[in-house]
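If you want the building blocks of each chain, they are given just below.
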Amino acid sequence: MDRNPSPPPTSREDENAEEAGGDCIGGTVYSKHWLFGVLSGLIQIVTSENTKSNPDDEEQQMELDEEMENEICKVWDMSMDEDVALFLQEFNAPDIFMGILAKSKCPRLREICVGILGNMACFQEICVSISSDKNLGQVLLHCLYDSDPPTLLETSRLLLTCLSQTEVASVWVERIREYPAIYDSICFIMSSSTNVDLLVKVGEVVDKLFDLDEKLMLDWIRSGAAAPLDQPQEDSEEQPVFKIVPCVLEAAKQVRSENPEGLDVYMHILQLLTTVDDGIQAIVQCPDTGKDTWNLLFDLVCNEFCQSDDPPIILQEQKTVLASVFSVLSAIYASQAEQEYLKTEKVDLPLIDSLIRVLENVEHCQKKPENSTESNTEETQKPDLTQDDFHLKILKDISCEFLSNILQALTKETVTQGLKEGQLSKQKCSCAFQNLLPFYNPVVEDFIKILHEVDKAVASDLEESFPSLKESVSEGTQQGDV
């Protein structure tokens, strides 16, 4: 919530309490008496719900009174203040919210209660307290099975907040591992939701989980391999079997045009999957999944990111997502999957063009201003520049490795076509060599040999520009003659 709330209106009783002192919460102007009244009202709402509810109407949802909604929303806003959050903690408000989440059939009320807990969890002391409550933890995880998107959004936000706290992250990872059904719920959201905000937040939770715990990631990769053993036979046809990669792809397609940061998150999830062999196999083993993954990522790098008419500086905005995309494409390319979508004549030249353009733009972004001097401005910007340089270096390293893999696979016919169409012009080859040498020297040497067969003039010009390369090729030729 972004709005800055006004203090709740004071009554005569509040004014009398203020005169006596002690009614304000911490250093705020918020009234303890008013807050007590709202929390008491919440308890009464749930009690009333349970009294009126009909056991036959399990799915019937309750509406929240407008006046009460306004009041509890004020508490939601106020809970962003640490003094208020600590006071709620002291008043055992989390226990009240836990009771509401467990019993209430009002989606709006559940959303607000989880939202307040999410605000409170932003403060370390309270986050540790909330996380150590096993019963509350179970209730909150159960909220991931909710059918209400706003409640799911707030639950995901709360989980991400807790997972980002090193003191309690392992507690939540372990809890999530204990509830395999959470995998199905998250996969269902990723594969079916059209709520972009929810998809982004759920993606951030999955990304954080995979980054924190490789074992959990492996469990989730393998979860879609077969139906659960304890699933009743008669229900097996009705229950969908979710596989992690198609669900991630579906969510990525949904957020692609509306939320670049969300796309970055889902591309990083795919990159994390490729850090283990099971993850790569989950992508390439099923031809349809491999093709869908390749086509989406190939389209991003060839038609959306870092295009020829984009200014080089655009790379600063795209560097992390491009690093993830190239990393996944490279893993698929190197997986030896004999699929139609990997036929070299269809993909090599467009990818070479994109990779070299990215390397050119990396070089441009890494150049320091000619008139740069030591100044206070430079000192204040230094940490950010250092982080940018770090991400640019990662992108460069991934791009070079991928480019070297493609160059190794080039045939004489593809090189001829590349020279004709411009993807392998002298200028672009020079940029490629400048970045690949000396670490990928054998790859460049083999490529030059093919280039000599296709266009000796271009090959000779490049050798003149890179003397060490000319010497290596000459030595190799002499050894071959002997």
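Here, the structure is the one placed above.
J.: Lay out a negative patch on the surface with the relevant residues and their values.
T.: Taken together, the side chains of Glu82, Asp83, Glu90 and Glu125 define an acidic patch exposed on the protein surface. Element by element, the count of residues in the negative patch is highest for helix α4 (residues 82-90), at three residues. Examined against the element boundaries, Glu90 turns out to sit in helix α4.

J.: Tell me about the environment of Val284, and please be specific about residues and values.
T.: Inspection of the secondary structure puts Val284 in helix α16 (residues 277-284). A relative accessible area of 7% places Val284 in the buried class. The spatial distance from the C-alpha of Val284 to the C-alpha of Gln339 is 9.0 Å, given a sequence separation of 55 residues.

J.: Mind laying out the state of the cysteines, listing which residues take part and the relevant values?
T.: All told, the structure shown has zero disulfides when counted by the stated rule. Cys113 carries a free sulfur, and the closest cysteine sulfur to it, the one in Cys106, is 9.0 Å from it.

J.: Just give me the short version of the pattern of salt bridges, but keep the residues and values in it.
T.: Opposite charge on two side chains permits pairing when their charged atoms draw close. Using the criterion set out here, one finds 18 salt bridges in the structure. Linking Glu453 and Lys412 is a salt bridge whose minimum nitrogen-to-oxygen distance equals 3.8 Å. Of this pair, Glu453 sits in helix α23 (residues 441-454) while Lys412 sits in helix α21 (residues 412-421); the two residues are 41 residues apart in sequence, bridging distant segments of the chain. Judged by relative accessible area, Lys412 falls into the partly exposed class, the value being 39%. Between Asp461 and Lys426 there is a salt bridge whose closest N-O contact spans 3.9 Å. Note that Asp461 is positioned in helix α24 (residues 456-465) and Lys426 in helix α22 (residues 426-436), a separation of 35 residues in sequence. Lys426 sits in the partly exposed class, given a relative accessible area of 41%. Residues participating in the shared-partner salt-bridge network are Glu69, Arg108 and Glu111.

J.: Quick one: what's the story with unusual backbone geometry, residue by residue and with numbers?
T.: Look at the link from Leu437 to Pro438: it is a cis peptide, with omega at 0°. Structurally, Pro438 can be placed in the loop between α22 and α23. Unusually for a residue other than glycine, Asn92 sits at a positive phi of about 60°. In this structure, Asn92 sits in the loop between α4 and α5 (93-103). With a phi angle near 45°, Cys306 is a residue other than glycine that sits in the positive phi range. Within the secondary structure layout, Cys306 lies in the loop between α17 (287-303) and α18 (315-333). Look at Cys306 and you get buried, because its relative accessible area is 2%.

Rules used throughout
For every chain, the first residue of the written sequence is number 1, and numbering continues from 1 onward in sequence order. In keeping with the model being predicted, local features are shown solely for residues with a pLDDT of at least 70 and side-chain atom pairs are shown and tallied solely at 80 or more, while totals for entire chains, interfaces and linings include all residues. Values shown for side chains rest on all heavy atoms present in the structure; no hydrogens or waters enter the calculation. Without a salt bridge and with relative accessible area above 30%, a residue can belong to a patch; like charges are then joined within 9 Å and nonpolar side chains (Val, Leu, Ile, Met, Phe, Trp, Tyr) within 5 Å. Computed by Shrake-Rupley with a 1.4 Å probe, the accessible areas treat only the displayed protein chains as cover when residues are assessed. We define a salt bridge as a contact between a side-chain nitrogen of Lys or Arg and a carboxyl oxygen of Asp or Glu at a distance within 4 Å. Residues scored as positive are Lys and Arg, those scored as negative are Asp and Glu, and His as well as the terminal groups of each chain are ignored. Every charge is mapped onto a representative atom, which is NZ of Lys, CZ of Arg, CG of Asp or CD of Glu. In this text, helices come from DSSP runs of H or I with a minimum length of four residues, and strands from runs of E with a minimum of two, each type numbered from the N-terminal end. Think of it in three bands: residues with accessible area under 20% of the maximum for their type are buried, residues over 50% are exposed, and the middle band is partly exposed, with areas taken using a 1.4 Å probe on protein chains only. Our working definition of a disulfide is a cysteine sulfur pair at a distance within 2.5 Å.

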